[in-house]
Protein chains: 4
Amino acid sequence: MSDTVNRVVLAYSGGLDTSVILKWLQQTYNCEVVTFTADLGQGEELEPARRKAEMAGVRPEHIFIDDLKEEFVRDYVFPMMRANALYEGLYLLGTSIARPLIAKRQIEIAQMVGADAVSHGATGKGNDQVRFELGYYALNPDIKVIAPWREWDLTSRTRLIEFAEAHQIPVSKDKRGEAPFSTDANLLHTSSEGKVLEDPWEEVPEYVFSRTVSPEEAPDTPEIITIDFERGDAVAVNGQGLSPASLLAKLNDYGHRHGIGRLDLVENRFVGMKSRGMYETPGGTILHLAHRAIEQLTLDRGAAHLKDELAPRYAELVYNGFWFSPEREMLQAAIDHSQAKVSGTVRLKLYKGSPHVIGRRSPNSLYSEKVVTFEDDQGAYDQRDAAGFIKLNALRLRLLGRRDR
Amino acid sequence: MSDTVNRVVLAYSGGLDTSVILKWLQQTYNCEVVTFTADLGQGEELEPARRKAEMAGVRPEHIFIDDLKEEFVRDYVFPMMRANALYEGLYLLGTSIARPLIAKRQIEIAQMVGADAVSHGATGKGNDQVRFELGYYALNPDIKVIAPWREWDLTSRTRLIEFAEAHQIPVSKDKRGEAPFSTDANLLHTSSEGKVLEDPWEEVPEYVFSRTVSPEEAPDTPEIITIDFERGDAVAVNGQGLSPASLLAKLNDYGHRHGIGRLDLVENRFVGMKSRGMYETPGGTILHLAHRAIEQLTLDRGAAHLKDELAPRYAELVYNGFWFSPEREMLQAAIDHSQAKVSGTVRLKLYKGSPHVIGRRSPNSLYSEKVVTFEDDQGAYDQRDAAGFIKLNALRLRLLGRRDR
Amino acid sequence: MSDTVNRVVLAYSGGLDTSVILKWLQQTYNCEVVTFTADLGQGEELEPARRKAEMAGVRPEHIFIDDLKEEFVRDYVFPMMRANALYEGLYLLGTSIARPLIAKRQIEIAQMVGADAVSHGATGKGNDQVRFELGYYALNPDIKVIAPWREWDLTSRTRLIEFAEAHQIPVSKDKRGEAPFSTDANLLHTSSEGKVLEDPWEEVPEYVFSRTVSPEEAPDTPEIITIDFERGDAVAVNGQGLSPASLLAKLNDYGHRHGIGRLDLVENRFVGMKSRGMYETPGGTILHLAHRAIEQLTLDRGAAHLKDELAPRYAELVYNGFWFSPEREMLQAAIDHSQAKVSGTVRLKLYKGSPHVIGRRSPNSLYSEKVVTFEDDQGAYDQRDAAGFIKLNALRLRLLGRRDR
Amino acid sequence: MSDTVNRVVLAYSGGLDTSVILKWLQQTYNCEVVTFTADLGQGEELEPARRKAEMAGVRPEHIFIDDLKEEFVRDYVFPMMRANALYEGLYLLGTSIARPLIAKRQIEIAQMVGADAVSHGATGKGNDQVRFELGYYALNPDIKVIAPWREWDLTSRTRLIEFAEAHQIPVSKDKRGEAPFSTDANLLHTSSEGKVLEDPWEEVPEYVFSRTVSPEEAPDTPEIITIDFERGDAVAVNGQGLSPASLLAKLNDYGHRHGIGRLDLVENRFVGMKSRGMYETPGGTILHLAHRAIEQLTLDRGAAHLKDELAPRYAELVYNGFWFSPEREMLQAAIDHSQAKVSGTVRLKLYKGSPHVIGRRSPNSLYSEKVVTFEDDQGAYDQRDAAGFIKLNALRLRLLGRRDR
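Every value quoted in this text rests on a predicted model; they were computed, and no experiment measured them. (Residues numbered from 1 in each chain as written. Chains lettered and ligands numbered in written order. Predicted model: local features only at pLDDT ≥ 70, side-chain atom pairs only at ≥ 80, totals over all residues. Heavy atoms only, no water.)

The subject of this paragraph is the overall build of chain A. Helices and strands together make up the secondary structure of chain A, namely 14 helices and 14 strands. Over its C-alpha atoms, taken along the principal directions, chain A stretches across nearly 85 × 50 × 45 Å. Within chain A, the fraction of its 405 residues that count as buried is 68%. For chain A, contacts bridging at least 24 residues in sequence account for 72% of all contacts bridging at least 6. Surface accessibility of chain A: about 13800 Å² in total, with carbon and sulfur atoms responsible for 46%. When the 49 basic and 59 acidic side-chain charges of chain A are each reduced to a single mean position, those positions are 4 Å apart. (Helix = DSSP H or I, 4+ residues; strand = E, 2+ residues; numbered from the N terminus. Buried < 20%, exposed > 50% of the residue type's maximum accessible area, 1.4 Å probe, protein only. Contact = heavy atoms within 4.5 Å. Areas by Shrake-Rupley, 256 points an atom, 1.4 Å probe, with all protein chains shown as cover. Lys, Arg positive; Asp, Glu negative; His and termini not counted. Charge placed at Lys NZ, Arg CZ, Asp CG, Glu CD.)

Residue and element names in this part refer to chain D. Across the sheet, which stays open at both edges, the 4 strands sit in the order β6-β7-β12-β11 with antiparallel pairing between neighbours. Two strands lie at the open edges of the sheet, namely β6 (182-185) and β11 (262-268), each paired on one side alone. On average, adjacent strands in this sheet sit at an angle of 25° to one another, irrespective of strand direction. Here 4 bridges tie β6 to strand β7 (residues 190-193), and the two strands are oriented antiparallel to one another. Bridge pairing links A185 to T190 in β7. (Pairing = 2+ DSSP bridges. Axes fitted to C-alpha atoms, helices over the stretch in contact; angles between N-to-C directions.)

Turning our eyes to something else, we now look at the sheet that holds strand β8 (residues 223-230) of chain C. Residues and elements named next belong to chain C. Read from one edge to the other, the open sheet built from 5 strands follows the order β10-β9-β8-β13-β14, with strand pairing classed as antiparallel. Two strands in the sheet have a free side with no partner beyond their single neighbour: β10 (240-241) and β14 (354-361). Pairing analysis gives 4 bridges linking β8 to strand β9 (residues 233-237), with the strands arranged antiparallel. Across the sheet, the residue bridging to I227 is V237, located in β9. Of the strands in this sheet, β8, β9, β10 and β13 (344-351) touch helix α9 (residues 244-258), which is tilted by about 70° from β9. Contacts from helix α10 (residues 282-298) reach β8, β9, β13 and β14 within the one sheet, and its direction differs from that of β14 by about 30°.

Formed by 411 residues in total, the largest nonpolar core has its most connected members in F72 and L348 of chain A, F72 of chain B, F72 and L348 of chain C together with F72 of chain D. If we skip the residues at most four places from it in the chain, L348 of chain C touches E223, I224, I225, I227, I286, L289, A290, P355, H356, V357 and I358 of chain C. (Core = buried A, V, L, I, M, F, W, Y, C linked by side-chain atoms within 4.5 Å.)

Structurally, the position occupied by S275 of chain C is in strand β12 (residues 274-280). A relative accessible area of 1% places S275 of chain C in the buried class. A polar side-chain atom of S275 of chain C sits 3.2 Å from a polar atom in the side chain of R269 of chain C. Setting aside residues up to four positions removed in sequence, S275 of chain C forms contacts with E193, L265, V266, E267 and R269 of chain C together with Y367 and V372 of chain D. (Polar contact = N/O pair within 3.5 Å; in protein donor to acceptor, adjacent residues only side chain to side chain.)

As a further point, take the relation of the copies chain A and chain C. The two copies are related by a screw motion: chain A maps onto chain C through a turn of 180° and a shift of 0.0 Å along the axis, at an RMSD of 0.0 Å. Classification of the inter-copy transformation places it as that of a two-fold axis. Measuring from the rotation axis to each C-alpha of chain A, the shortest distance belongs to A334 of chain A, at 2.5 Å. The fraction of interface residues of chain A whose copies in chain C are also interface residues reaches 100%, indicating that both copies meet through the same surface. (Least-squares fit on C-alpha atoms with pLDDT ≥ 70 in both.)

Moving on: the pattern of salt bridges. Overall, the coordinates contain 148 salt bridges over all chains when judged by the stated rule. When the shortest N-O distance is used, the salt bridge between K69 of chain C and D39 of chain C registers 3.1 Å. One end of the pair, K69 of chain C, is in helix α3 (residues 69-82); the other, D39 of chain C, is in strand β2 (residues 32-39), with 30 residues separating them in the sequence. K69 of chain C gets classed as partly exposed once you look at its relative accessible area, which sits at 22%. Close ionic contact of K307 of chain C with E295 of chain C constitutes a salt bridge, the shortest N to O distance being 2.4 Å. Remark: E295 of chain C occurs in helix α10 and K307 of chain C occurs in helix α11 (residues 301-320); sequence separation between them is 12 residues. When its relative accessible area of 6% is taken as the criterion, E295 of chain C is described as buried. Where salt bridges share partners, they join D66, E71, K104, R105 and E108 of chain A into one cluster. (Salt bridge = Lys/Arg side-chain N within 4 Å of Asp/Glu carboxyl O.)

Superposition record for chain D on chain C: RMSD 0.0 Å, screw rotation 180°, translation along axis 0.0 Å. When the interface residues of chain D are mapped onto chain C, 99% of them are again interface residues, pointing to one common binding face.

Attention now moves to the UniProt feature "binding site: L-aspartate" (unreviewed entry) in chain A. In the numbering used here, UniProt assigns the feature "binding site: L-aspartate" (unreviewed entry) to T123, N127 and D128 of chain A. By secondary structure assignment, the location of T123 of chain A is in the loop between β4 (117-119) and α5 (128-139). Relative accessible area serves as the criterion here: at 26%, T123 of chain A is assigned to the partly exposed category. Leaving out residues up to four positions away in the same chain, T123 of chain A has contacts with Q129 and W149 of chain A together with Q383 of chain B. By the element assignment, N127 of chain A lies in the loop between β4 and α5. Apart from the residues within four sequence positions on either side, N127 of chain A is in contact with E267, R269, F270, V271 and Y319 of chain A. (UniProt positions renumbered as here; feature names shortened; annotations may be inferred.)

A separate point is the interface of chain D and chain C. Contacts between the two partners involve 105 residues from chain D, matched on the other side by 104 residues from chain C. Summing the contributions of chain D and of chain C, the shared interface buries around 9900 Å²; its carbon and sulfur component is 55%. Here chain D and chain C share 12 salt bridges between them. Salt-bridge contacts for R396 of chain C lead to E327 of chain D; the nearest nitrogen and oxygen are separated by 2.6 Å. Viewed at the interface, chain C and chain D are joined by 47 residue pairs in polar contact (both at pLDDT 80 or more). Among the elements that take part in the side of chain D that touches chain C, helix α14 (residues 385-404) of chain D stands out by supplying 13 residues, more than any other. Partitioned by chemical class, the residues of the side of chain D that touches chain C number 44 nonpolar, 20 polar and 41 charged. (Buried area = accessible area lost by both parts, 1.4 Å probe. Nonpolar A, V, L, I, M, F, W, Y, C, P; charged D, E, K, R; others polar.)

Turning our eyes to something else, we now look at the packing of helix α11 (residues 301-320) of chain B against helix α11 (residues 301-320) of chain D. Put simply, α11 of chain B and α11 of chain D touch, their axes get as near as 13 Å, and they point 160° apart. One way to sum up the angle between α11 of chain B and α11 of chain D is to call them roughly antiparallel. Of the two elements, α11 of chain B crosses α11 of chain D, and the hand of that crossing is right-handed. Contact with α11 of chain B, carried on its side by L306, E309, L310 and R313 of chain B, involves L306, E309, L310 and R313 of chain D of α11 of chain D and no other residues of that element. Looking at the contact of α11 of chain B with α11 of chain D, its residues break down into 4 nonpolar, no polar and 4 charged. (Parallel < 35°, antiparallel > 145°, perpendicular 65-115°, else oblique. Left-handed = near helix turned anticlockwise from the far one by under 90°.)

This part is about the UniProt feature "binding site: L-citrulline" (unreviewed entry) in chain A. All names here are of chain A. Mapped onto the present numbering, the UniProt feature "binding site: L-citrulline" (unreviewed entry) falls at Y91, S96, N127, R131, S182, S191, E267 and Y279. Tracing the backbone through its elements, the reader meets S96 in the loop between α3 (69-82) and α4 (99-113). The exposure class assigned to S96 is buried, which follows from its relative accessible area of 1%. Beyond its immediate sequence surroundings of up to four residues, S96 is in contact with Y91, R131, V318 and Y319.

Right, dumping it as structure tokens:
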């Protein structure tokens, strides 16, 4: 593979790092840079990114700023929510799930503008480089990938800023000192890691949080909401039908207000080290719990338990960047097959940091009061069947017991 | 198997149901009844059980009242906690885990007193009959099992009470009407189900709860505690070393005060139906979360992910009553193997219904600030390695992409 | 559920046992019996079944004799072959896979003729009763099921024959003595169990085999065949396109001639006991191996390994009778998703009891001589990437080693 | 990590490649080379390796030639056999399982002689580099690893031979042309790959095989043998007690004579590509089948099925080089726990390329003729229990059917 690059599509936030990368790519590869800025609901103005790209000499028709919020939630967040995926039992995968979409769009733009390379601003120690690049390669096996953080010699903050200043890249005041932590944000979550968080014994300082009030600051009165599901996906909040992105935004509002979805985690990165992160997933935390609740009523036990056994693997695949892999797609096919009847309504109480399911109902409920009741069930269930059921389940244990005990 | 029974060991709580069973066994089988009452931390006086048994004609030396609290927590709750077991993603298995111990002790007593049968008061619709009886059969394949609820004709509350009155069994006032719900309790949890809980859309009334204050009633100020672990088991709270049962009791106090560990669940029973239960697991909820936190620091990724994949199966086995099965023991062997270095301290904040991990440290930590830092790591990690790592992970996806896309 | 039955659809082979059942049903339930005889390729004349049913008084329009061979192979055997399912590592599930189809057709006929019950001739110790009845209940939850072997008092061979003679049911001479073993057959396999096979230390006598010559009797010269696959299913043998059932029949011919597919197995039944069976699966054994071979070339590693991990579960579900269950369907969805490119040709050598794969090719091959070659690969693979790949895979082990060794 | 190396332990076969590496290490790193040659039963004279090492200037006390055959079979092959591990359903992992032992011994020698580096002759495209190096790093996280094939510029056979000749390294005649294939051998197996095998459609030529006669050349009369097992491990053949390595050698003799254990496989390498290999595992193939047979009799279903589900993962870990990983050890703990009663005798018939199990017996048998018999079992099993068993297993499917069908 030659090192010559003609045109590169850069995942560009408009921030200091990717602005430096933009310039560095132009200089180092003497190539044309195409910028792509995704609106994934990170809550930032994107027009400044356009101006900065223009100032850096990017051709206007090569500045892509795309609102991908609906696609993000509909085609990435929701399928993952159907899986009840939690990485290492706790993490809702907010960063992981955004990367494949960015990668996919970069490859599409590369195709459109005839670029032969793509680039991103993820560092060489993290998972995001893997997620971006596995996405790139899966979707275009012959694309050239440039990962400046693994190539350049701007290995300290000071040198990065020197480079920026030498190239008229504006450096805001708060970037000059040492950033106390770094963040990633999208409609699903905000993550924070590094520096002030690096001692896992120390409590995360309150100023790190941006998407939720602290539970202590949350209202003293619980709030009750309902979420409607259809075929495994949330479609309405409090009876009001909403598009996927609007729905998640609405749940984010609720989660923010009640301090819901903070997670302090030490996790295992795919690249082999442990890191400590703070995640805020306000709406996603509510959604995850509500999805489980509606499944409780509408999923058969066999389907539910199979899903529970597949979920850790699914989560690992998403975390490691294998979204566009046959095995993730196979698991998704199994999971989606199970969701045909996962419809109904869940009631939740939001209070001081946590959502609590307090009710669920469904036209497809498999719960039968008639069968389960302690009262006379009029023959719906014959208790004597249990004797044979137990006897045959016990048979192998008895044969074993006769041999061993 | 003949229907003749000479002596039967009954799991006897002293309550109305098992008192009726005691009498019914004497009458129906014309046999001697041995009562066994376990103190598993259910928080009830057990001496009344002795008096009632005596009144029913049980020979004093055949009345067994055993304090099993330490054995319960040490040999049942703690091994399960090492597995991070959650049934259907949420339930900490408080009822399930007590049954095998009761069964084991009944079989031991049967051996001691030369009984040829055992009996229990679990109904024919629930999981507990399965758990008891699989335990019995595994430990004594030739024992005779009597499950009165599947045999007798006392199929309504009214008839049960008539029987009681006809046999001078005291019926307390509150048993006369319809019980609004039924409960099971031990040191790990209290469960409630039936009647007033049978509509899964209706919120559980506050009067159902007995082990926790409501989050709304919990203190307005968070409380911070620490838990020390050694080899996967909790050994101290706030630096104070405690026996297993004392430790769980201490955490129950904290959980009670802060409204921690309530769970409203619709679950899939092993016998094939869905039921709705309310669980309160105050200390166990704190313990579960803390165990995960100390594992985050001390477990290798390979071990952690394998555990996560095995946990749903383990939980299913415990729930279904297969504690004394080779496959549960095999999983336990794998899990226990992983816990040798799971030692250290976890800090938690308890507040308004939820525990929050805010710090963890360990002499066996695998977390390395030196490796993970965004700052200069002085060669601890070579970022260029990531390029090859990604390339080879991507290779199969690229070959696939060349073929398919 | 009342015991009154008006019309029952019986799975009827025309043999002694189901002929007795036919009469017994008429007598015991005083009901109309509808017979259903499936041609699944068991290689028996089915018209005698019609005559016998007529003689027993079954109305001609209530005698169903259906050729289900194509449906059997296309919708049951082939999907299972896509899964590479082997029960307990060895058994190709020939009996298990036929039961759901018979159950499905019985329920369809019951619907057509307005029957309120179904019946089968499987005994109370085996798996087939479970497979039939789970199929019935899944497809018609309210059907009444009659399992004569669990109900009647014809508990010995002698009494069965007395009943037959008393009711003018013809008893062939070879049925009068003790049958040396019992069999089940269909296009996929013949199974034999019981009596002469009951000592698992004794070699199965040669006269038990009916579908294969013994390897010693097979030709001294190997025979080479090819099988073409499309999307995971075999479609041609030696280049000749064949329907599913014809193809399996053709492979059975080859397997028969070369003594392929005999299996002497001690297996674990779902009802809790071990049994010893002899299976002959001539064509299926060839097909299973060939399918693996074409997958080797066309399946990505991620898909292949996920399939390998799911296969034991899939096999267990089929064996236990859960064909019509959500979890089997979920696994099938995952498996089928993986088969889109599983097309190509496999060459096999058949010789003295075993098939040997000797070549495979595919237009969708993922095997790349260019990448794998020991010779100069002209940059298709950069060996230096392996260094980084290993380094990052080793990182967690090194951190572990520093702590522990 | 500095590039300075003082003393390096080389895995040295005495062949051309590692002889070139020996010299290249001395020259390139200006360091002292320690050679380690393992006798793993590859069937080669090892003393020539000593002479060659001496000629290359290695100090006599730095030439290690160790007979590791017993350790290899006892601590690596047998534990893997207990797992019934098959990579991708077919491969008995003969190469994979030897690498960790070589790595372990190299690290031990490095410790003894005070070496700071280790080196091996595996190429940059294969799995063996990964297996060696993961072993090295797991056992000594700070060891320096030199993989000449990834570093040097001897990228073609011609240049390698030129280097050899320039340094007085003897080059045998048959190495001068292009090797038609490359091999690896140990007591468990011989593998062949490359060149003449690179077209997976072409049959492997007979001259590639070295460990087995062709099935066609095998005796026309079957041979019957027995293997005794104790606690999961083979301990005797035909009643004769043998050490692990002697036993495997004995089975290799049988397998060789009967043409057993040839496998033509296209497999997925850990480094991301597919390769085609030919494996001969004569004794291992017999052993694998025999172990399954003795487990059939002595393992409970729950244990057996759990093992079957874990086996693909275990095999993948061994194949990928993660022998010294917590997760492989966890799986081993589970597997070993299951083997306590896996004792008894298996009878096999060896004939024309395949072993066939024809009988098995055990003092720990769980098979019960009394329970399984078609004849009167005198109450060992109550067929009516099956009704309840099926009813409760069907309950969820019926509730589902009522909702959906």
